[in-house]
Amino acid sequence: MQRLPRAPKAVLFDMDGLMFDTEALYRDATITAPRNAGFELPLSAYLETIGLPASSVRELLLARFGKDAPLEDLWRQASELFAQMVQTDLRVKAGLPEILSFLEAARIPSAIVTSSDRTAVEAHLSATGLQGRFQTIVAYGDHTAGKPHPAPYLLAAERLNLPISECVALEDSRNGVLSASSAGAMTIMVPDLVQPAPDVVGRCTCVLADLHAVRDLIAISIVGAAVEP
């Protein structure tokens, strides 16, 4: 039976794609905005942009749309469309309410470690009734360097006054896994839109299907028994 190497003292959550289904919304907005302007971005082409730096995404889109494509306007329209979608279609990922309730009952602190800004974090938590459920939030601008640098996760552990090696980090993306594993956290990947490459899997303590499975693994690692359904 699979167990974590150590019973975790805290759980650190990525936000987009891990807690909330925002990656799917961003995907839809990023595909729809160009289509509305007469440019076609197939799903396969969008998936190629995930995890790339902005400069590389720009090159890829200009190669597809043409060197004179109004990328700034398209990004602005996609951002506006995404904001509208969040207002009506934001959903929590499967298992999030259950794992938060389990951690609270077990007196295990939790934190959010995200590349999104604090305004977006607070808006998402408010929209889903999750305010006050996390002991600290590390958001864009709080750390010296963003993911894949380890700084965000190291800061979260420092704020919780815990060694990072005693923390579980939950991530859905390559850059997030690199950040958490480089920091020294027990890193669990819960893939969202893209399945992990072998080198990413190698950086993880394990890869699980959803947050229900994460909850069960933590429970087994703490008390030696699966959570009752």
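Residues numbered from 1 in each chain as written. Predicted model: local features only at pLDDT ≥ 70, side-chain atom pairs only at ≥ 80, totals over all residues. Heavy atoms only, no water.

1. Let's talk about the environment of Met 186
And then number 1: Along the chain, Met 186 turns up in strand β5 (residues 186-189).
And then number 2: Residue classification places Met 186 among the buried positions, given a relative accessible area of 2%.
And then number 3: Sequence separation between Met 186 and Leu 170 is 16 residues; the distance between their C-alpha atoms is 8.7 Å.
And then number 4: When near neighbours in sequence (up to four residues on either side) are disregarded, Met 186 contacts Leu 4, Pro 5, Arg 6, Pro 8, Ser 165, Glu 166, Cys 167, Val 168, Ala 169 and Thr 205. (Helix = DSSP H or I, 4+ residues; strand = E, 2+ residues; numbered from the N terminus. Buried < 20%, exposed > 50% of the residue type's maximum accessible area, 1.4 Å probe, protein only. Contact = heavy atoms within 4.5 Å.)

2. Section: the pairing of strand β4 (residues 167-171)
Consecutive side chains along a regular strand alternate between the two faces of the sheet.
And then number 1: The buried count for β4 comes to five of five residues, which makes it a mostly enclosed element.
And then number 2: Neither face of β4 is exposed, since Cys 167, Ala 169 and Glu 171 on one face and Val 168 and Leu 170 on the opposite face are all buried.
And then number 3: The sheet contact formed by strand β1 (residues 10-13) and β4 spans four bridges and is parallel. Bridging from a neighbouring strand, Val 11 pairs with Val 168 of β4.
And then number 4: The sheet contact formed by β4 and β5 spans four bridges and is parallel. Bridging across to β5, Ala 169 finds its partner in Thr 187.
And then number 5: Regarding the hand of the β-α-β motif, the stretch spanning β4, helix α8 (residues 174-183) and β5 is right-handed. (Pairing = 2+ DSSP bridges. Right-handed = clockwise from strand over helix to strand, strands pointing away.)

3. Concerning the packing of helix α7 (residues 151-160) against α8
And then number 1: Where α7 contacts α8, the axes come no closer than 7 Å and their chain directions differ by 50°. Accordingly, the angle class assigned to the pair α7 and α8 is oblique. Judged by the sense of rotation from one axis to the other, the crossing of α7 with α8 is right-handed. Each of Pro 152, Tyr 153 and Leu 154 in α7 lies in contact with α8, whose residues at this interface are Gly 176, Ser 179, Ala 180 and Ala 183.
And then number 2: Across the contact of α7 with α8, the residue classes tally to five nonpolar, two polar and no charged. (Axes fitted to C-alpha atoms, helices over the stretch in contact; angles between N-to-C directions. Parallel < 35°, antiparallel > 145°, perpendicular 65-115°, else oblique. Left-handed = near helix turned anticlockwise from the far one by under 90°. Nonpolar A, V, L, I, M, F, W, Y, C, P; charged D, E, K, R; others polar.)

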